[in-house]
Amino acid sequence: MTLLELKNVTKHYSPAVAPALADISFSVNEGEFISVIGPSGSGKTTLLRTINRMVELSGGEITFAGVSISRLRKSELRKLRSKIGMIFQHYNLVDRMSVIENVLHGRLGHKSTLAGILGSYTLAEKEQALRIIQMLGLDEYINKRCDQLSGGQKQRVGIARALVQNPKLILCDEPIASLDPSSAKIIMDYLKNISRDLGITLLVSLHQVDIALKYSDRVIGVNRGTIVFDGKPDELTRERVSEIYGFDAGDLMINLGESEGYAS
Amino acid sequence: MQVDVFRKRRNNALIFFGVLALLTAGAIVVTQYDVEKGFTSLGKAFVWGAANLYPDVKSLAKLPDILAKLRDTVLISVAATSAAAVFSLALALAGSRATRIHRSFTLVARGIASFFRNMPLVAWAMVLMLAFSQSSLTGFLALFMGSFGFLTRAFMETIDEVGDSSVEALKATGAAYLHTIFQAVLPSSLPQIVSWLLFMIETNIRDATLVGFLTGTGIGFSFDVYYKAFNYHAASLVVVVTVLTVLIMETVSNTVRRMIL
Ligand SMILES: Nc1ncnc2c1ncn2[C@@H]1O[C@H](COP(=O)(O)OP(=O)(O)OP(=O)(O)O)[C@@H](O)[C@H]1O
Ligand SMILES: [Mg+2]
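Sequence order as written defines the numbering, with residues in each chain counted from 1. Here every chain gets a letter starting at A, and every ligand a number starting at 1, in the order they are written. Local features are withheld for residues below a pLDDT of 70 in this predicted model, meaning they are given only at 70 or higher, and side-chain atom pairs are given and counted only at 80 or more; totals for whole chains, interfaces and linings count all residues. Each side-chain value is worked out from all heavy atoms of the structure, with water and hydrogens disregarded.

1. A look at the overall build of chain B
When helices and strands are counted, chain B shows 10 helices and zero strands. Per the convention used, a helix needs a DSSP run of H or I reaching at least four residues, while a strand needs a run of E reaching at least two, with both numbered from the N terminus. Scanning chain B from its N terminus toward the C terminus, one meets helices and strands in the order α-α-α-α-α-α-α-α-α-α. Taken against the 2.2 N^0.38 rule, which gives 18 Å for 261 residues, the C-alpha radius of gyration of chain B at 24 Å runs more than 25% over that of a compact globule. If one aligns the C-alpha atoms of chain B with their principal axes, the spans along those axes are about 70 × 60 × 40 Å. Remark: exposure states derive from per-residue accessible area (1.4 Å probe, protein chains only) relative to the maximum for the residue type, with buried under 20%, exposed over 50%, and partly exposed in between. Within chain B, the proportion of its 261 residues that are buried is 40%. Contacts between residues were defined by any pair of non-hydrogen atoms, one from each residue, lying within 4.5 Å. The long-range fraction of contacts in chain B, counting pairs at least 24 apart against all pairs at least 6 apart in sequence, stands at 76%. Carbon and sulfur atoms make up 71% of the accessible area of chain B, which amounts to about 14900 Å² in all. Across chain B, the mean location of the 21 positive side-chain charges is 4 Å away from that of the 15 negative side-chain charges. Each radius of gyration is computed over the set of C-alpha atoms, and the globule rule expresses the reference value as 2.2 Å times the number of residues to the power 0.38. Areas reported as accessible are Shrake-Rupley estimates using a 1.4 Å probe. Residue values count occlusion only from the protein chains shown. His residues and chain termini do not enter the charge count, which takes Lys and Arg as positive and Asp and Glu as negative. Each charge is placed at NZ for Lys, CZ for Arg, CG for Asp and CD for Glu.

Okay, here's the thing in structure tokens:
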């Protein structure tokens, strides 16, 4: 079943320069794990952000769960965003607050103004947050301030904050770009589990082609704001990678055949 | 290349000091300032001060009076600073990059802050005296105006420094504007905000003394009265008490700062 559909989406940040997104169309089925790859400045971040309207589109149409998102009123926009989680390269946590407080921030989209200001959450919400924190192996840090965590731990808090929203879709903008390889693997494995066990749809922008191939059901390649590849990982040949990145894949020092090492 | 850089730096320093010397000489000529007399009278002032400006036993009788006035001054300073802080915080939130409602607010907030901050405290006191005559209210309002300008600027910079990354994350979860303020911006910037608040209270206690001369209230007024009555011992007691108060305030706020950071 289609969860998300983009039709002829364009984005101009300024009329003077080339559009960041030019006529993007694709649709996403429920439960898919999709990687978005492409060179720096190709529009990956912009693409993800138009979906929850953190960036306003200039043209085209986006439909999420049957609702056209472009003309939502303020309260409807909040409701839309509450169904879409977002994970950031730099985690974007409130560093001075504890893990549990940061995770509960994921519930703010469902809160009245006053309850949210006071940070008062229901027992059910707290129990849910606790379950998710345990699932991500963060139980011993629950009352720790986030500025005392490692990068990998912070990203797990970021994932927990997204999960506590009960989202249908999670947008991940380079979730592992600031992490060392072993923390990156842990994070990618968690994302894979979330997709498989909870049936949540994932749209993940990545810099590493091998990881995109290894984890995703489908890869979308963007270059200068247009989609130049959209297909299964095994359809992504060396030539197609060169097309996405605009030069020879060998220069990228990616060995497409040896991505197995990452699996185990 | 290397040598050029050093020569350029040396030349810059020479030009800087040359211009400074020229300005000093020019100012002396224009104002017909007698340099020699200036230095000798400075010495005389010290000698006179040492002979007269010290609290003696008799002046201690005035202490309860002085302390009562001091209490007024401290309370007015605290009240003016706290009241100003509330308005400053609102204006700073409206003007900061991460929390502004529209980009034009930044310029407006900066403009307002600049105006209130750059108007000298004494000018505020004079203007307000026209409206409220010599009263505690005048002193309160003068301190309020100056603090409002300074704190708005300081709070804006604090909030800008905290950045918009967590605000962005909360917005993306569907949080309302006020949620992002109370759950992300304020928790992140509170230690800095409290720190500025304490600094402002210290500064205001010092400045309240000056404002008190004009508005006829608080510790400044006491000093004025004793000084004009040639009671230099009591006047110097006022100074000692004020300095002690500021020192105590500084210690207290340093402790608080250490606790919250
Ligand atoms: N806020 C903005 N204002 C103006 N131009 C922007 C803005 N954000 C992005 N752009 C421009 O839009 C284009 C796409 O940027 P985007 O950040 O989406 O690329 P990206 O694929 O995420 O790159 P990276 O891999 O470096 O993160 C770039 O040319 C960029 O300069
Ligand atoms: Mg990006």
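2. Here's the deal with the confidence of the model for chain A
pLDDT is a residue-level measure of predictor confidence that goes from 0 to 100. Here chain A averages 92 in pLDDT, and 94% of its residues register 70 or above. A low-confidence stretch, residues 257-264 of chain A stays under pLDDT 50, and its non-local contacts, those more than four residues away or across chains, total 11 contacts.

3. Topic: helix α2 (residues 35-52) of chain B
In this model, α2(B) (18 residues) spans 26 Å end to end at C-alpha, consistent with the 26 Å of a helix rising 1.5 Å per residue. Capping the start of α2(B), B:Asp34 holds a side-chain oxygen 3.2 Å from the backbone nitrogen of B:Glu36, two or three residues further along. The span you would expect from a helix comes to 1.5 Å times its residue count less one. Throughout this description, a polar contact denotes any pair of N or O atoms lying within 3.5 Å of each other; where both atoms belong to protein, one of them has to be capable of donating a hydrogen while the other can accept it, and for residues adjacent in sequence the pair is counted only when both atoms sit in side chains.

4. Thoughts on the interface of chain A and chain B
How big an interface is tends to be stated in terms of accessible area lost as the parts join. Contacts between the two partners involve 28 residues from chain A, matched on the other side by 20 residues from chain B. The buried area of a pairing is the accessible area, by a 1.4 Å probe, that goes missing from both parts when the two are put together, added over both. Buried area between chain A and chain B, both sides added, is near 1900 Å², and the carbon and sulfur share of it is 61%. Considering only the surface of chain A that becomes buried against chain B, A:Asn92, A:Arg96 and A:Ile117 emerge as the three largest contributors, covering 29% of it. Salt bridges, as used here, are contacts in which a Lys or Arg side-chain nitrogen is within 4 Å of a carboxyl oxygen on Asp or Glu. Taken together, the connections running from chain A to chain B amount to one salt bridge. Between A:Arg49 and B:Glu168 there is a salt bridge; the shortest N-O distance is 2.6 Å. Of all the elements in the fold, those that place two or more residues in the side of chain A that touches chain B are α2 (74-82), β6 (84-87) and α4 (113-118) of chain A. Counting residues per element, the side of chain A that touches chain B draws most heavily on α4(A), at four residues.

5. Some thoughts on the pattern of salt bridges
Residue and element names in this part refer to chain A. For the structure shown, the criterion picks out 15 salt bridges over all chains. The salt bridge involving Glu56 is made with Arg53; its shortest N-O contact spans 2.9 Å. On the basis of relative accessible area, Glu56 is assigned to the partly exposed category, the value being 41%. Taking the relative accessible area as the measure of exposure, Arg53 reaches 10% and is therefore buried.

6. Here we look at the domain arrangement of chain B
Here chain B is described as being made up of domain 1 (2-52) and domain 2 (60-260). Where each domain begins and ends follows an automated or database-derived domain assignment. Centre-to-centre, using C-alpha coordinates, domain 1 of chain B lies 34 Å away from domain 2 of chain B.

7. Points about a nonpolar patch on the surface
What goes into a patch is any residue over 30% in relative accessible area without a salt bridge, connected to like charges within 9 Å or, for nonpolar side chains (Val, Leu, Ile, Met, Phe, Trp, Tyr), within 5 Å. There is a patch of nonpolar side chains on the surface, built from B:Tyr33, B:Val35, B:Phe39, B:Leu42 and B:Phe46 and spanning about 570 Å² of accessible area. Tracing the backbone shows B:Phe39 in helix α2.

8. What about the sheet that holds strand β9 (residues 218-223) of chain A?
Residue and element names in this part refer to chain A. One bridge is not enough; two strands pair if DSSP finds at least two bridges between them. As summarised here, the arrangement of the six strands in space is β6-β7-β8-β3-β9-β10, forming an open sheet in which the pairing is mixed. Either end of the sheet is taken by a strand with one partner, and the two such strands are β6 and β10 (226-231). Each adjacent strand pair in this sheet contributes to an overall mean axis angle of 15°, direction not counted. Against the sheet, helix α6 (residues 151-163) touches β6 and β7 (169-173), its axis set at about 170° to β6. Lines are fitted to the C-alpha atoms to define the axes, a helix being fitted only along its stretch in contact, and any angle between axes, read from their N-to-C directions, falls within 0 to 180 degrees.

9. A few points about the packing of aromatic side chains
All names here are of chain B. Working definition: rings of Phe, Tyr and Trp (its six-membered ring) pair if their centres are within 6.5 Å, and the pair is stacked with planes under 30 degrees apart, edge-to-face with planes over 60 apart, and tilted otherwise. The final tally for this structure, using the stated rule, is 16 aromatic pairs over all chains. Here Phe223 and Tyr227 contribute two aromatic rings whose centre-to-centre distance is 5.7 Å and whose plane-to-plane angle is 15°, an arrangement assigned as stacked. Note that Phe223 and Tyr227 are positioned in helix α9 (residues 218-228) at a spacing of four residues, about one turn of the helix. Residue class for Tyr227 comes out partly exposed when judged on its relative accessible area of 40%.

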